[in-house]
Amino acid sequence: MWYHKPVINEELLQSLPNLKIVASSGVGIDHLDLNLLSSYGVKASNTPFVVSTDTADLGMALMLASSRRLVEGYQMAVSRDTEYFPADWLGTEVSGATLGIVGMGTIGYKVAERAKGFEMKILYHNRNRRNKEEESAVGATYCKKIDDLLQQSDFVLLSVNLTPQTHKLIGKRELELMKPTATLINISRGLVVDQDALVEALQNKVIKAAALDVTYPEPLPRDHPLLKLKNVIITPHIGSATKKTRRLMMENMTESIQAGLTGLPIPNEV
């Protein structure tokens, strides 16, 4: 499967009686009905670890681009209407700011490693607390309640799997808990955020900005209000989109398929 295609539904499974494994690219498996697959005796795999470095890099890139208003700055620099650069055109500092990471899995932890280089204060919220050695290595502080993280962070970065528990995890209430100077960064799945509530929060300056690699749907309708806001950066779900990583993803999928067909243990089985 690539970009969630083909759709694995009962009709397809019935038409493929000899199917043994579905190998899906990427980390998220929210598009797979694992119970349905299991009922047909079909196994599934993904490629969780090879995408983590590039996705963490993109999370930092979005934070830097949004805070320093790179898209707006580029547009100003190349516009035919620009006669001078205003002296009061200012961004927000990243170094020394507080970063709240929601979801401290492999990707979230790699973001923390990068943020440490920017001398950021790092908070995180996760289902399970990391051990003290891991926390100490990146200088991260655990927030048992997500509310505490939201209230304190200058940047809130979402790096969670999409599950029933994380569906619209960030909604109107959570956005109102954030600082009016805060930026929301989403490198997980679009449905982790209530998009309508986010539009309202950005329009009403409840939060300062958003930087999104994921939305719902993808791409957004061309008249969607998120596309018209200057305090939003949107990229086309490119967290893993480097030549090396995409090749490694394909190799991982091939290895899982070969193992599944020969009865060997499947790497990254889900």
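The rules behind each value
- Residues numbered from 1 in each chain as written.
- Predicted model: local features only at pLDDT ≥ 70, side-chain atom pairs only at ≥ 80, totals over all residues.
- Heavy atoms only, no water.
- UniProt positions renumbered as here; feature names shortened; annotations may be inferred.
- Helix = DSSP H or I, 4+ residues; strand = E, 2+ residues; numbered from the N terminus.
- Buried < 20%, exposed > 50% of the residue type's maximum accessible area, 1.4 Å probe, protein only.
- Contact = heavy atoms within 4.5 Å.
- Polar contact = N/O pair within 3.5 Å; in protein donor to acceptor, adjacent residues only side chain to side chain.
- Domains from an automatic or database assignment.
- Buried area = accessible area lost by both parts, 1.4 Å probe.
- Salt bridge = Lys/Arg side-chain N within 4 Å of Asp/Glu carboxyl O.

The name given to the protein chain in an unreviewed UniProt entry is Glyoxylate reductase/hydroxypyruvate reductase, and the organism recorded there is Pygoscelis adeliae. As its UniProt record puts it under Sequence similarities (unreviewed entry), the protein chain is described as follows: "Belongs to the D-isomer specific 2-hydroxyacid dehydrogenase family."

Points about the environment of Gly239
Relative to the elements of secondary structure, Gly239 occurs in the loop between strand S9 (232-234) and helix H10 (243-262). Using a relative accessible area of 7% as the deciding quantity, one classes Gly239 as buried. Once the C-alpha coordinates of Gly239 and Ser256 are considered, the two residues, 17 residues apart in sequence, prove to be 22 Å apart. Ignoring any residue separated from it by four or fewer positions in sequence, one finds Gly239 in contact with Asp54, Thr55, Leu58 and Asp213.

Re the side chain of Ser67
Counting through the fold element by element, Ser67 comes out in helix H3 (residues 52-67). One polar contact links the side chain of Ser67 to the main-chain carbonyl oxygen of Leu64, over a distance of 3.1 Å. Leaving out residues up to four positions away in the same chain, Ser67 has contacts with Gly91, Thr92, Val94 and Phe155.

Some thoughts on the domain arrangement of the protein chain
According to the domain assignment, the protein chain contains domain 1 (10-49 + 242-262) and domain 2 (52-234). A separation of 30 Å is found between the C-alpha centroids of domain 1 and domain 2. Opposite the 7 residues of domain 1 that make contact, domain 2 presents 7 residues. Where domain 1 abuts domain 2, roughly 550 Å² becomes buried across the two surfaces, and 40% of that area is made up of carbon and sulfur atoms. The three residues of domain 1 that bury the most area against domain 2 are Val27, Asp30 and Phe49, which together make up 65% of that side's buried surface. In this structure, Asp30 and Arg189 form a salt bridge, with 3.3 Å as the shortest nitrogen-oxygen distance.

Considering the UniProt feature "domain: D-isomer specific 2-hydroxyacid dehydrogenase NAD-binding" (unreviewed entry) in the protein chain
Following the UniProt record, one finds the feature "domain: D-isomer specific 2-hydroxyacid dehydrogenase NAD-binding" (unreviewed entry) at residues 60-239. When the span residues 60-239 is considered, its composition is 32% helix and 16% strand, and the gap between its end C-alpha atoms is 11 Å.

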